[in-house]
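So you can see what is in the structure, the chains are spelled out below.
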Amino acid sequence: MLVRFINCRLLRKGELKHEDLWVLDGKIIDPQAWFFNKRTKADTVVECNNCILAPGFLDVQINGAFGIDFSCPDNLVEGLTKVATGILRHGVTGFCPTVVTSHPDVYKETLPLMKRRPGSAEGGAAVLGIHLEGPFINPKKKGAHPEKQIRGFSTSGPDEDSNPEQAMESIQACYGDLENVAMVTLAPELVLAPKAIEYFRKNNILVSLGHTAATLAEGEEGQRCGATMITHLFNAMSSFHHRDPGIVGMLANAAILADKTNKENTLFYGLIVDGFHTHEAALRMAHSTHPKGCVLVTDAMAAMGLSAGVHSLGEMSVHLGENSRASIAGKPETLAGSAASMDACVREFSKIVGVTGALEAATLHPAQFLGLHHKGRLEEDCDADLVLLNDELEVIKTFIAGREVFNTNES
């Protein structure tokens, strides 16, 4: 089917351009080449009324929503679809279900249940692979993760030398089958972490650095071994210091390298823009330092879409306040994920970096991080997963493969 989107402002190469978009059988096409050869009309015309048409949002860190916790195996197959269909109203067309630090039995039960799959009207947003956030993290920066489940890669005693093979053995013993996994968050300062990063990369699993007290040197060693992202920047990591800027300092060096070489960015970082996790000044500093690496994440948990009360995040109980602030029950000073939707994060971030900067952080950059060159852009041969937004960046319609899957006027 040939679909034509008319009277729209397309997000292309950092600008909003007044152009039509043509889609054939779920893929974006070059209309000039098509009409030169076929000389045909569209089967369907979608009137956009001068609204913004952007690629569908991609969320690489979402722990659950609508009462579903991805770290809980109960009814997980049905729950995955519930979340996948529910987030369409927020413009999300692809996501990485995230499992927080858990017991090995939980991983071995949950990971086989969350298989990659394409997006559809029936199944909802595409499942892009699982994000394993832990348990190989620094207990000093555990955040809302249960300390008793945190572990290291080395099984040697404090006075024994660590065998590099222990990293692989620890990973396999903890997680089991990694077939459905797209990315993992770990602390690069752990013993054998470099070997673990190399192992993950050899198995086509992306590595993000997070829940860490690493120095800048330890972070950069992790990057040399293959890590390409920082998990929820500023949160659950050492604070920036002028003598050792830690993981945060990696942004400046990555930005300089990308500018000097004119190559595609090789370091990304997640930002939670929910009004609680990160101060506006810090958000502005990160984006102005390294805009090409910015990836918006919700870090949403089961409470997203629900009312205030007590909800779950893995083994932890989380209190959601009337102001939508999520914290560990009984420990209000410790944030525990968020209840923010991706479209809300985009709106909030646009106030700081502008509309196109916010949109690219939710579309282009996560697609680049995941290596999905057919997503996140409105270019020829890309998937026609789209979100139609008004000037306030509120979702009007969502499309998967050019097919409407959500309409705010019909919800």
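Residues numbered from 1 in each chain as written. Predicted model: local features only at pLDDT ≥ 70, side-chain atom pairs only at ≥ 80, totals over all residues. Heavy atoms only, no water.

Caption draft 1: Highlighting the overall build of the protein chain. What the protein chain contains, in helices and strands, is 11 helices and 23 strands. Taken against the 2.2 N^0.38 rule, which gives 22 Å for 411 residues, the C-alpha radius of gyration of the protein chain at 21 Å falls within 12% of a compact globule. C-alpha atoms of the protein chain, sized along the principal axes, occupy 75 × 50 × 40 Å. By residue count, 56% of the 411 residues in the protein chain fall in the buried class. For the protein chain, long-range pairs separated by at least 24 residues make up 68% of all intrachain contacts whose partners lie at least 6 apart in sequence. Accessible surface for the protein chain amounts to roughly 17,300 Å². Of this, 48% is attributable to carbon and sulfur atoms. The protein chain carries 37 positive and 50 negative side-chain charges, and their two centres are separated by 4 Å. (Helix = DSSP H or I, 4+ residues; strand = E, 2+ residues; numbered from the N terminus. Rg over C-alpha atoms; globule rule 2.2 N^0.38 Å. Buried < 20%, exposed > 50% of the residue type's maximum accessible area, 1.4 Å probe, protein only. Contact = heavy atoms within 4.5 Å. Areas by Shrake-Rupley, 256 points an atom, 1.4 Å probe, with all protein chains shown as cover. Lys, Arg positive; Asp, Glu negative; His and termini not counted. Charge placed at Lys NZ, Arg CZ, Asp CG, Glu CD.)

Caption draft 2: Region of interest: the nonpolar core. The biggest cluster of nonpolar side chains holds 83 residues, and the ones touching the most others in it are Phe95, Leu132, Phe153, Tyr175, Phe200 and Phe349. Considering each element in turn, this core owes the most residues, five residues, to helix H5 (residues 193-202). Excluding its chain neighbours within four sequence positions, the residues that come into contact with phenylalanine 153 are Phe136, Gln166, Ala167, Ser170, Ile171, Leu186, Leu190, Val191, Leu192, Ala193 and Ala196. (Core = buried A, V, L, I, M, F, W, Y, C linked by side-chain atoms within 4.5 Å.)

Caption draft 3: View of the sheet that holds strand S18 (residues 316-320). Taking strand neighbours across the sheet as the criterion, the four strands line up as S17-S18-S19-S20 in an open arrangement whose pairing is antiparallel. The two strands at the open ends of the sheet, each matched to only one other strand, are strand S17 (309-313) and strand S20 (331-335). Strand-to-strand twist in this sheet, taken as the mean axis angle between neighbours without regard to direction, amounts to 50 degrees. (Pairing = 2+ DSSP bridges. Axes fitted to C-alpha atoms, helices over the stretch in contact; angles between N-to-C directions.)

Caption draft 4: Up close: the pattern of salt bridges. Under the defined criterion, the tally for this structure stands at 14 salt bridges. Between glutamate 315 and lysine 148 there is a salt bridge, with its nearest N and O atoms 4.0 Å apart. Linking glutamate 315 in the loop between S17 and S18 with lysine 148 in the loop between strand S11 (130-133) and helix H4 (165-175), this pair joins segments that are 167 residues apart in sequence. With a relative accessible area of 39%, glutamate 315 lands in the partly exposed category. (Salt bridge = Lys/Arg side-chain N within 4 Å of Asp/Glu carboxyl O.)

Caption draft 5: Molecular detail of the side chain of aspartate 274. Mapped onto the elements of the fold, aspartate 274 is located in the loop between strand S15 (268-272) and helix H8 (280-289). Those residues within four positions of aspartate 274 in sequence are excluded, and the remaining contacts are Ser338 and Ala340.

Caption draft 6: Representation of the side chain of asparagine 138. By the secondary structure assignment, asparagine 138 is in the loop between S11 and H4. Asparagine 138 sits in the buried class, given a relative accessible area of 11%. Reaching out from asparagine 138, the side chain makes a polar contact with the side chain of glutamate 189 at a distance of 2.8 Å. Excluding anything up to four places from it in sequence, asparagine 138 contacts Ala187, Glu189, His211, Thr212 and Ala213. (Polar contact = N/O pair within 3.5 Å; in protein donor to acceptor, adjacent residues only side chain to side chain.)

Caption draft 7: Seen up close, the packing of aromatic side chains. Here the structure, examined in full by the defined rule, presents seven aromatic pairs. A connected cluster of aromatic rings, assembled from ring pairs, spans Tyr107, Phe136, Phe153 and Tyr175. (Phe/Tyr/Trp six-rings, centres within 6.5 Å; stacked < 30°, edge-to-face > 60°.)

Caption draft 8: Spatial organisation of the pairing of strand S21 (residues 386-389). Burial along S21 is two-sided: Leu386 and Leu388 and Val387 and Leu389, pointing in opposite directions, are all buried. Pairing geometry for strand S5 (residues 44-55) and S21, over four bridges, is antiparallel. What sits directly across from alanine 54, in S21, is valine 387. As defined by bridge partners, S21 adjoins strand S22 (residues 395-400) across four bridges and the pair is classed as antiparallel. When the bridges of S22 are listed, leucine 389 appears paired with valine 395. Following S21, the chain reverses through five residues before pairing antiparallel with S22; leucine 393 in that reversal takes a positive phi of roughly 60 degrees.

Caption draft 9: Structural view of helix H2 (residues 76-86). Of all the positions in H2, only Leu76, Gly79, Leu80, Val83, Ala84 and Gly86 are classed as buried. In the core, the buried residues of H2 are packed alongside strand S6 (57-62), strand S7 (64-65), strand S8 (68-69), strand S9 (92-100), helix H3 (104-110) and strand S10 (126-127).

Caption draft 10: Local environment of the pairing of strand S23 (residues 403-407). Sheet analysis places S22 next to S23, joined by four bridges and oriented antiparallel. Following the sheet pairing, threonine 398 is matched in S23 by phenylalanine 406. Hairpin geometry of S22 and S23 is characterised by an intervening segment of two residues between the two adjacent antiparallel strands and by a positive phi of about 55 degrees at alanine 401.

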